[in-house]
Amino acid sequence: MTIARVDRPRRAPAAAAGAGDTGARSVRRRRRLTALAFVTPLLAYLAAFYVYPLYRNLDLSLRDYTVRSFVAGDAPFSGWDNFRTVLDDPTFGPAMRHTLVFTFVSIAFQYVSGLALAVFFNRHFRLSTVLRALFLIPWLLPLIVSASTWSWMFNSESGVVNYFLHFVGIDPVGWLTSPDWALTAVIVANIWIGIPFNLVILYSGLQNIPGELYEAAALDGAGAWQQFRRITFPLLRPVSAITLLLGLVYTLKVFDLIWIMTKGGPGDASSTLATWSYQLGFGTLLPKFGPGAAVGDILILIALVFGLLYIRVQRRQEA
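Note that this is a predicted model, so its numbers are computed, not measured.

Draft legend 1. View of the overall build of the protein. Scanning the protein from N- to C-terminus turns up 15 helices and 0 strands. Against the 2.2 N^0.38 benchmark of 20 Å for 319 residues, the protein shows a C-alpha radius of gyration of 30 Å, more extended than a compact globule. Projected onto its principal axes, the C-alpha coordinates of the protein cover approximately 130 × 75 × 30 Å. Taken across its 319 residues, the protein has 37% of its residues classed as buried. Once local pairs closer than 6 in sequence are excluded, the contacts in the protein between residues at least 24 apart make up 66%.

Draft legend 2. Molecular detail of the layout of surface pockets. Estimates place the volume of the largest pocket at around 860 Å³. Residue lining of the largest pocket: 26 residues in total, with Leu 54, Asn 57, Gly 296, Leu 299 and Ile 300 positioned closest to the centre. Broken down by secondary-structure element, the contributors of at least two residues to the lining of the largest pocket are α1 (12-61), α12 (237-252), α14 (273-282) and α15 (289-318). At 7 residues, α15 tops the list of elements feeding residues into the lining of the largest pocket. Residue composition of the lining of the largest pocket, by class: 19 nonpolar, 5 polar and 2 charged. Of the volumes computed, that of the second largest pocket is approximately 340 Å³. Lining the second largest pocket are 13 residues, and of these Val 119, Asn 122, Tyr 214, Gln 227 and Thr 232 sit closest to its centre. If you list the elements that add at least two residues to the lining of the second largest pocket, you get α9 (182-207), α10 (211-219) and α11 (224-235). Residues of the lining of the second largest pocket, tallied by class, amount to 6 nonpolar, 6 polar and 1 charged.

Draft legend 3. Representation of a nonpolar patch on the surface within the structure. Taken together, Leu 127, Val 130, Leu 131, Leu 134, Phe 135, Ile 137, Leu 141, Ile 144, Val 145, Trp 192 and Ile 260 make up a surface patch of nonpolar side chains, about 910 Å² in accessible area. For the nonpolar patch, the secondary-structure elements that each account for two or more residues are α5 (128-134) and α7 (143-153). It is α5 that provides the largest number of residues to the nonpolar patch, a total of 3 residues. Looking at where Ile 144 falls in the secondary structure, it is placed in helix α7. We classify Ile 144 as exposed; its relative accessible area is 54%.

Draft legend 4. Inspection of the environment of Thr 243 at higher detail. Looking at the element boundaries, Thr 243 is found in helix α12. C-alpha of Thr 243 to C-alpha of Tyr 111: the two residues are 132 residues apart in sequence and 8.0 Å apart in space. Apart from the residues lying within four places of it in its own chain, the contact partners of Thr 243 are Phe 197, Asn 198, Ile 201 and Leu 202.

Draft legend 5. Structural context of unusual backbone geometry. Of note, the amide linkage connecting Gly 265 to Pro 266 takes the cis form, showing an omega dihedral of -5 degrees. Turning to its location among the elements, Pro 266 is positioned in the loop between α13 (256-261) and α14. Positive phi, normally seen in glycine, also occurs at Lys 263, with a value near 55 degrees. Mapped onto the elements of the fold, Lys 263 is located in the loop between α13 and α14.

Draft legend 6. Representation of the packing of aromatic side chains within the structure. Tallying each qualifying case throughout the model produces 20 aromatic pairs. Here Tyr 45 and Tyr 50 contribute two aromatic rings whose centre-to-centre distance is 5.9 Å and whose plane-to-plane angle is 65 degrees, an arrangement assigned as edge-to-face. Classification of Tyr 50 by relative accessible area gives partly exposed; the value is 45%. Centroid distance Trp 150 to Trp 192: 5.7 Å. Interplanar angle 70 degrees. Geometry classified as edge-to-face. Remark: Trp 192 occurs in helix α9 and Trp 150 occurs in helix α7; sequence separation between them is 42 residues. Here Trp 150 falls in the buried class, since its relative accessible area comes to 10%. Here Trp 192 falls in the partly exposed class, since its relative accessible area comes to 31%. Among the aromatic residues, those joined into a cluster by ring pairs are Trp 150, Phe 154, Trp 175, Trp 181 and Trp 192.

So, how was this worked out
Residues numbered from 1 in each chain as written. Predicted model: local features only at pLDDT ≥ 70, side-chain atom pairs only at ≥ 80, totals over all residues. Heavy atoms only, no water. Helix = DSSP H or I, 4+ residues; strand = E, 2+ residues; numbered from the N terminus. Rg over C-alpha atoms; globule rule 2.2 N^0.38 Å. Buried < 20%, exposed > 50% of the residue type's maximum accessible area, 1.4 Å probe, protein only. Contact = heavy atoms within 4.5 Å. 1 Å grid on protein atoms, 1.4 Å probe; cavity = no way out; pocket = protein on both sides within 12 Å on 5 of 7 lines; lining within 4 Å. Points joined across faces, edges and corners; volume = space filled by probe spheres on them. Nonpolar A, V, L, I, M, F, W, Y, C, P; charged D, E, K, R; others polar. Patch = residues over 30% accessible without salt bridge, like charges linked within 9 Å, V, L, I, M, F, W, Y side chains within 5 Å. Areas by Shrake-Rupley, 256 points an atom, 1.4 Å probe, with all protein chains shown as cover. Salt bridge = Lys/Arg side-chain N within 4 Å of Asp/Glu carboxyl O. Phe/Tyr/Trp six-rings, centres within 6.5 Å; stacked < 30°, edge-to-face > 60°.

Quick look at the structure:
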């Protein structure tokens, strides 16, 4: 009698598959750990220099801090009292108005000047690279140097601006001492500082516009203005939106330039939310930490609105 041999199923393939799954899981785990190792320093940086300061500022605005309680850390909770104090303060209206005027006038002139210079340098004439590099100097200089230079230029007695006004027969102007001109002086200085940023971004955008479009438009008889209106400006619109929004968020929080030139004065003639917040928190012998932090929170909220607008525009462009 012959007994049929029944072979047992081989388990080697299953074992190999299990080993493969284990290896794949190990690779994925190592990749996650590697990604976490790269992300951890960034998260630590954001937590230390963004999240914690924002939390502390919000805590300051919701408590009745004095110098003693600031050191001891036992300030009583006051809720929205600091915000009500700020909104009822007669300085709030002028500071908000000056902030908006300073921001939007600066942005408008910076963008128009930067766009004109970007179109001008896009022609690639001789020495265009050198001249374009020279226009970056205001952006590269330390802000304290730029602000001090403009303070000297706008000096009522020895400033070069009044010298030229006197040369053409115009009476000297108290640029930094007159309530009617102080805000104008800091706006002019801020425009000068911000033009290179707009020039660089818009010039980069112009480099991405195909030259064939201009050649075809020239063959159709389109002049320089028609080419700009029909080709340059429409195709530059996404870059323009990003440039304006970034400039808007940056200009809202300008403090050092105004503080060095006028300290928000004379009186409150050039005071903005940024300078007023500093004055409340650190500008007197009896600092008002709570109201100063509340003004800072209002400024952060305004910047956050425009920041979210920037993100929305960016997502639309990527879609």
